[in-house]
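# What the coordinates show
For reference, the chains in residue letters:
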Amino acid sequence: MRGFFSRLATSQSEIEAQELREDADEVGATPIVSCGGRRRFCVAGTLRTVTLRPRGGAPALEAELYDGSDVIDLVWLGRRKIAGIEPGRTVKAEGLVSMQDGRKVMFNPRYELRPGS
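As recorded in an unreviewed UniProt entry, the chain goes by the name OB-fold nucleic acid binding domain-containing protein, listed as coming from Nonomuraea maheshkhaliensis.

The secondary structure content of the chain amounts to two helices and six strands. Mapped in sequence order, the helices and strands of the chain form the string α-α-β-β-β-β-β-β. Residue burial in the chain is summarised as follows: out of 117 residues, 36% are buried. For the chain, the share of sequence-separated contacts (at least 6 apart) that also reach a separation of at least 24 residues comes to 51%. Here the chain has roughly 7100 Å² of accessible surface; of this, 48% comes from carbon and sulfur atoms.

With that settled, the discussion passes to the nonpolar core. Val43, Leu65, Ile72, Leu74 and Ile85 are the most contacted members of the largest nonpolar core, which totals 17 residues. Residue contacts for Val43: discarding those within four places in its chain leaves Ala29, Thr30, Ile32, Cys35, Leu65, Ile72, Val91, Lys92, Ala93 and Met106.

Another aspect to go through is the pattern of salt bridges. Inspection of every chain in the model, using the stated rule, returns eight salt bridges. Across the pair Arg103 and Glu64 runs a salt bridge, and its minimum N-O distance is 2.9 Å. A residue pair is termed long-range when its members are at least 10 positions apart, and Arg103 in strand E5 (residues 103–107) and Glu64 in strand E2 (residues 60–66) qualify at 39 residues. One salt-bridge network, in which partners are shared between bridges, spans Arg48, Glu64, Asp73 and Arg103.

Two strands pair when backbone bridges link them, and strand E1 (residues 39–52) and strand E4 (residues 90–100) are joined in this way by eight bridges, in the antiparallel orientation. Looking across to E4, one finds that Gly45 is bridged to Val91. Here E1 pairs with E2 via six bridges, running antiparallel. Within E2, the position partnered with Thr46 by the bridge is Tyr66.

Turning next to unusual backbone geometry. Of note in this structure, Asp101 is not a glycine but carries a positive phi near 55 degrees. With a phi close to 45 degrees, Asn108 is a non-glycine residue in the positive phi region. Topologically, Asn108 is positioned in the loop between E5 and strand E6 (110–114).

For Cys42, the location among the structural elements is in strand E1. Through-space distance from the C-alpha of Cys42 to that of Ala93 is 5.7 Å; in sequence the pair is 51 residues apart. Not counting residues up to four positions away in its chain, the partners in contact with Cys42 are Ala29, Thr30, Lys92, Ala93 and Glu94.

We now examine the packing of aromatic side chains. Enumeration according to the criterion identifies one aromatic pair in this entry. Ring centres of Trp76 and Tyr111 lie 5.6 Å apart, and the angle between their planes is 80 degrees; this geometry places the pair in the edge-to-face category. Residue Trp76 is found in strand E3 (residues 71–77), and its partner Tyr111 is found in strand E6; the two are separated by 35 residues along the sequence. Between Arg48 and the ring centre of Tyr66, over which it is positioned, the NZ or CZ distance is 3.9 Å.

Cut-offs and rules
- Residues numbered from 1 in each chain as written.
- Predicted model: local features only at pLDDT ≥ 70, side-chain atom pairs only at ≥ 80, totals over all residues.
- Heavy atoms only, no water.
- Helix = DSSP H or I, 4+ residues; strand = E, 2+ residues; numbered from the N terminus.
- Buried < 20%, exposed > 50% of the residue type's maximum accessible area, 1.4 Å probe, protein only.
- Contact = heavy atoms within 4.5 Å.
- Areas by Shrake-Rupley, 256 points an atom, 1.4 Å probe, with all protein chains shown as cover.
- Core = buried A, V, L, I, M, F, W, Y, C linked by side-chain atoms within 4.5 Å.
- Salt bridge = Lys/Arg side-chain N within 4 Å of Asp/Glu carboxyl O.
- Pairing = 2+ DSSP bridges.
- Phe/Tyr/Trp six-rings, centres within 6.5 Å; stacked < 30°, edge-to-face > 60°.
- Lys NZ or Arg CZ within 6 Å of the ring centre and 35° of its normal.

Right, here's the structure in full:
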């Protein structure tokens, strides 16, 4: 009964964040909030935004991944588009995490498109 009432008092965004954290845990991903710079991690979550932003005169596809704990920018250098990489898509990504302008970034990560988008 306590769980029922706490769920009623919880906002929709908090419920979605908790579900994302549980999904990431199920696939063995590290919570993004726990990822530190200059180490390899596996993360999983939902893509919030996908943008094409040139870096150093070359195209770069950038996607913001949210797992319920924090966000990380996934950046594919030299790419304009990747099939399946779109807002709302659930993704698992693995790579070296670095910090850039105070944000966590993973360049050219290995990725897996997950069901449930």
